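Descriptive analysis of the structure
Residue strings, one per chain:
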Amino acid sequence: MTFLNYIFSPRLFKVYGDGNLQKFYEPGGLEKWGDQIIYTLSLMWNITFYTSPLMLTFLYRRGYFVAESVSSFAKISTGIGLLVVISLCMRGIGRSQTKIYSKFLKSLEAAKANAKNEDLKNQLRLFDFEFKDWPVDFSAKESNGEKKASKVVTSIRNKPFWLSSLPCEVAAYLAVHSFGLRMIYPGSVKLIQSYLHPMLVQGRAKLIEQDNAKRYKLLTKDNNEVDSIFVDNRGVNANGKTLVICSEGNAGFYEIGIMVTPMALKYSVLGWNHPGFGGSTGLPFPDQDQNAMDAVVQFAINKLGFLPENIIMFGWSIGGYSSLWASTQYPDIRGCVLDATFDDVLHLALPRMPESLSGVVRIAIRQYVNLHNSELLSNYSGPVLMIRRTEDEVISENMDVATNRGNNLVINMLKCRFPNIFKSDQISHINKKLSRPIEKTTDNSTDQLCLSLLSSYVSENGRSYPVEIGENYTEEQRNQMAEYLVYKHLLDYKSSHCTPLPVEYFQFPWTLPLPDDDTDFVFT
């Protein structure tokens, strides 16, 4: 082991097996001070990066961009560089004198030298460290397993180019690639991740030590690395045969996210972090997020051995986009559960920006971050369950359930799937119903009638969408069927946006019924 190995090897966060989730690895004196200086400089760089437009403007107005000032900046940069070199040497000396770190480094080098040796990887799994140095466990580029069959939904819209729109196009590009994407995905901001770091390490420790989870690195087709974790409950519980793939929100991480709900029900669970989140590399642009999601599903099918029909997508908030995209690409999955999800991110972005910038915002979203869930749902015909939070403060205006963007999502889906039921009058009727928390008013006989009519249709026409039932119905019959279908696809949860989902709300999505021989109703 050379001295350079100790200098440039990753930071060690925790050694597993001591039973104390809150006890982290404590570096010795030299390593501690060297790491502290490097961390402080890195933090200052991040602050400078995010405030650079303001700082550059301030420095320019103060006349710092002159020859003398540039010379002073060069001297400061040289001093900082020398400080970094000294700090790295201090860190290397400190690590080389620490038995625990030396043991970790030997395990790391052995695992990297033979990445296919699972025994060596299991020894490495006794340590939590910077994920960039973890060996790749699965590559989507090399996968020869089951491939997706349905059409790809892209995020960028092709449209004619007009010279008059060039200023808005440039402004949109600059906005998205500077602060815009980070406003949509604040979890990708390194300052936020630094603040959450102790909680993320503790959350991983709980998953690994208490739930026997295993952490994996997945390589995407665009060479990003995806930080993922798997809890295998096959053989532990009957629910373990079903895999739930969890997609987190815009500031969520699998370490402290939605995995807890399906895990409590003893499903097998696969969590992952969006590009730029936690140990995942890249940025959460839609194309990178899609490739990350594809690598996760390919890993579940080809490495973990789950059949698509035994996989459920579970997406919370903006993670609903990832789950729906995967559902369109793997239409044979068992279903998709969407919690606190919206129809189109554009309708959330516009009210939060000045009206004078609406044109720029529209271009920025449609061209670069087009998270259009309603469009995705129109390309997916599998089972879907939506959970609406009636006190949602993020995708509603002033926590008014009538403005919840999930209302639009469920109506748009049902309008595509049942076009003869969801006419304009029925959409107005359902909008009124959804303007307040759902209170089921239909009696059991009406439910049975709707079930029988749908069952009869399926027996004659199959389960494929669109379902053409209802062409000759009266307005009242359409209203009754529309209410029935909404109740089957939507659950209300009295909660704000970020409250953990109770287990009773995580259910298998409803599917069109098969014929029931015991029914007393006559099929018409």
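Every chain's residues receive numbers from 1 upward, in the order its sequence appears when written. Reporting in this predicted model follows two pLDDT cut-offs: at least 70 for local features of residues, and 80 or more for side-chain atom pairs to be given and counted; totals over whole chains, interfaces and linings ignore these cut-offs and use all residues. By convention in this description, side-chain values take in all heavy atoms of the structure and omit both hydrogens and water.

Thoughts on unusual backbone geometry
For clarity, the threshold we go by: Strands are runs of DSSP state E lasting at least 2 residues, helices are runs of H or I lasting at least 4, and numbering of each runs from the N terminus. Burial classes follow relative accessibility: with a 1.4 Å probe on protein chains only, a residue under 20% of its type's maximum area counts as buried, one over 50% as exposed, and anything between as partly exposed.
A cis geometry characterises the amide bond from Tyr465 onward to Pro466, with omega recorded as 0 degrees. With respect to the element layout, Pro466 can be found in the loop between helix 17 (444–461) and helix 18 (475–489). Positive phi outside glycine occurs at Asn212, with the angle close to 55 degrees. Overall, Asn212 belongs to the exposed group, its relative accessible area being 62%.

With respect to helix 16 (residues 424–434)
What counts here: Think of it as the arc spanned by the lines of direction from the helix axis to the C-beta atoms. Two residues qualify as a contact provided that any one of their heavy atoms is within 4.5 Å of a heavy atom in the partner residue.
Residues Gln426, Ile427, Ile430 and Leu434 constitute the buried set of helix 16. Seen along its axis, helix 16 keeps its buried residues to an arc of 100 degrees; they face one direction. Of the residues in helix 16, the exposed ones pointing more than 90 degrees away from the buried face are Ser424 and Lys432. Residues of helix 16 that are buried make contact with strand 10 (384–389), helix 15 (405–417), helix 18 and strand 11 (490–493).

Focus on the packing of aromatic side chains
Each pair of aromatic rings is reported with the distance of its centres and the angle of its planes. What counts is decided by this rule: Note on aromatic contacts: the rings of Phe and Tyr and the six-membered ring of Trp form a pair at centre separations within 6.5 Å, being stacked when their planes are under 30 degrees apart, edge-to-face when over 60 apart, and tilted otherwise. Placement of a charge over a ring requires the Lys NZ or Arg CZ to be within 6 Å of the ring centre, with the centre-to-atom vector within 35 degrees of the ring normal.
Inspection of the entire model under this criterion finds 19 aromatic pairs. Measuring from ring centre to ring centre gives 5.8 Å for Phe129 and Trp134, while their planes differ by 35 degrees; the resulting arrangement is tilted. Comparing Phe129 with Trp134 shows no difference in burial state: the two are buried. Ring centres of Tyr493 and Tyr505 lie 4.8 Å apart, and the angle between their planes is 40 degrees; on these two criteria the pair is classed as tilted. You can see Tyr493 sitting in strand 11 and its partner Tyr505 sitting in the segment after strand 11, a full 12 residues away along the chain. Taken together, the aromatic side chains of Tyr6, Tyr25, Tyr101, Phe104, Phe127, Phe129, Phe131 and Trp134 make up a single cluster linked through ring pairs. Here Arg334 stacks its cationic end above the ring of Phe508, 3.8 Å away from the centre of that ring. Looking at Arg417, its charged tip hangs above the ring of Tyr465, at a distance of 4.7 Å from the centre.

Everything listed here is a matter of geometry and, on its own, says nothing about what the molecule does.
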